[in-house]
Amino acid sequence: MKNVLSILLSLFISSYVFAESPQVQYIKGMYELNASLAKGGITEDNDLNIYNDVDQSFFLEYLDGNIKKIYARNDEYQEATGDMACIEHDVLWQAQDLNPFAKLTFTEPSAGRVKVTIGATKGLEKRSVTYQVKCQKDGDCKITEIFEYGKPFTKVTSKCLDDLYRTEIKK
């Protein structure tokens, strides 16, 4: 009987230790859905490296209101200037182009933060991005900050947009 209890206890502890946080599950689900939408019917053997273009609005659904406003402002300035504004790459994939077959690793460096390491693919080196994710008790989660190269996306992008407004829009 004692052995059975020991086995059950060790199974319970190991399942608890290896369970993913809601934040990791949220980010992992976002990448899995984005990759499947991008893949469409394409196989990894496709030499052209052309994948379905996934509408940016897909990503916006995962963001809190503050980051959504930054994206809206970026779109507004891009339209006003007729050129790229401050967000010049796909934040999820940390590149201009995505390869949905890239190996993804998800870790939680601290509570509420999820680091995604994107493996090297044709023409791109290994790279990473960290998300700060806040989940409500009802299970609703949102990305509240993005860290690229260790710097907060909201601060860097807001400054860039402020500078762009002063130099190009306000003229």
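Since we're looking at a predicted model, the values are computed, not measured.

I'm lost on the overall build of the protein chain in this one. Help?
The secondary structure content of the protein chain amounts to five helices and five strands. What you see in the protein chain, going N to C, is helices and strands ordered as α-α-α-α-β-β-β-β-β-α. Counting across all 171 residues of the protein chain, residues that qualify as buried make up 34%. Relative to all contacts within the protein chain whose residues are 6 or more apart in sequence, the contacts with residues 24 or more apart total 54%. Surface exposure of the protein chain reaches about 11,000 Å², of which carbon and sulfur atoms provide 53%.

Whenever I open this one, the nonpolar core confuses me. Can you help?
Soluble, globular proteins show a tendency: their nonpolar side chains are buried together. In terms of nonpolar packing, the biggest core is built from 36 residues, with Ile27, Met30, Tyr31, Phe59, Tyr131, Ile143 and Ile146 touching the most fellow members. Setting aside chain neighbours within four positions, we find Tyr31 in contact with Leu92, Trp93, Leu104, Phe106, Val116, Val129 and Tyr131.

Is there a simple way to explain the pattern of salt bridges in this structure?
A side chain with one charge may pair with a side chain of the opposite charge, provided their charged atoms come close. Applying the stated criterion across every chain yields a total of four salt bridges. Measuring nitrogen to oxygen at the nearest pair gives 2.5 Å for the salt bridge that ties Lys28 to Glu20. Since its relative accessible area comes to 35%, Glu20 is described here as partly exposed. Lys159 is the salt-bridge partner of Asp163, the closest N and O atoms lying 2.9 Å from each other. Of this pair, Asp163 and Lys159 both sit in helix α5 (residues 153-169), four residues apart, which is roughly one turn of that helix. The structure contains a network of salt bridges with shared partners spanning Lys159, Asp163 and Arg166.

Help me understand the state of the cysteines, please; the structure alone is not making it clear to me.
A covalent bond bridging the sulfur atoms of two cysteines is what the word disulfide describes. Taken as a whole, this structure holds two disulfides when the rule is applied. The disulfide partner of Cys86 is Cys160, and the gap between their sulfur atoms is 2.1 Å. An S-S torsion of about -85° defines the bridge between Cys86 and Cys160 as left-handed. Here Cys86, found in the loop between α4 (65-81) and β1 (104-110), pairs with Cys160, found in helix α5; they are 74 residues apart in sequence, far enough to count as distant. A relative accessible area of 16% means that Cys86 is categorised as buried. By relative accessible area, Cys160 is classed as partly exposed at 30%. The side chain of Cys135 participates in a disulfide bridge whose partner is Cys141; the two sulfur atoms lie 2.0 Å from each other. One disulfide, between Cys135 and Cys141, carries an S-S torsion of 105° and so falls in the right-handed class. The disulfide pattern of the protein chain is 1-4, 2-3 when the bonded cysteines are numbered in sequence order.

What's the story with helix α2 (residues 22-39) in this structure? I'm lost.
Each α-helix winds once per 3.6 residues, and so residues spaced three or four apart point in a common direction. A rise of 1.5 Å per residue sets the reference length of α2, with its 18 residues, at 26 Å; its end C-alpha atoms lie 25 Å apart and thus fit the reference within 8%. Those residues of α2 hidden inside the fold are in contact with α3 (57-60), β1, β2 (113-118), β3 (127-135) and β4 (141-148).

What am I meant to see in the confidence of the model for the protein chain here?
A low pLDDT means the predicted coordinates there should not be read in detail. Per-residue pLDDT for the protein chain averages 84, and the proportion of residues at 70 or more is 80%. Confidence, read as mean pLDDT per element, is least for helix α1 (residues 2-18) in the protein chain (48) and greatest for strand β5 (residues 151-152) (98). Low pLDDT, under 50, characterises residues 11-17; the stretch is placed with zero contacts to residues that sit more than four places away or in other chains. Under a pLDDT of 50 for its full length, residues 47-52 has, in the predicted model, 15 contacts with residues more than four places off or in other chains.

Conventions we followed
Counting of residues starts from 1 at the beginning of each chain's written sequence and follows it residue by residue. Two thresholds apply to this predicted model, a pLDDT of at least 70 for residue-level local features and 80 or more for giving and counting side-chain atom pairs, whereas whole-chain, interface and lining totals are computed over all residues. Hydrogens and water molecules were not included; the side-chain quantities draw on all heavy atoms of the structure. We count a stretch as a helix when DSSP gives it H or I for four or more residues in a row; a strand needs E for two or more, and each element gets its number in order from the N terminus. Exposure categories follow from relative accessible area, calculated using a 1.4 Å probe and restricted to protein chains: below 20% of the type maximum is buried, above 50% is exposed, and the middle band is partly exposed. Whether two residues are in contact is decided by their heavy atoms: any pair within 4.5 Å suffices. Residue burial considers only the protein chains on display, and all accessible areas are found by Shrake-Rupley using a 1.4 Å probe. Put simply, buried Ala, Val, Leu, Ile, Met, Phe, Trp, Tyr and Cys residues joined by side-chain atoms within 4.5 Å make one nonpolar core. We define a salt bridge as a side-chain nitrogen of Lys or Arg found within 4 Å of a carboxyl oxygen belonging to Asp or Glu. The disulfide criterion used throughout: a pair of cysteine sulfur atoms within 2.5 Å. By this rule, a helix spans an expected 1.5 Å times one less than how many residues it contains. For every residue, the predictor states its confidence as a pLDDT score lying anywhere from 0 to 100.

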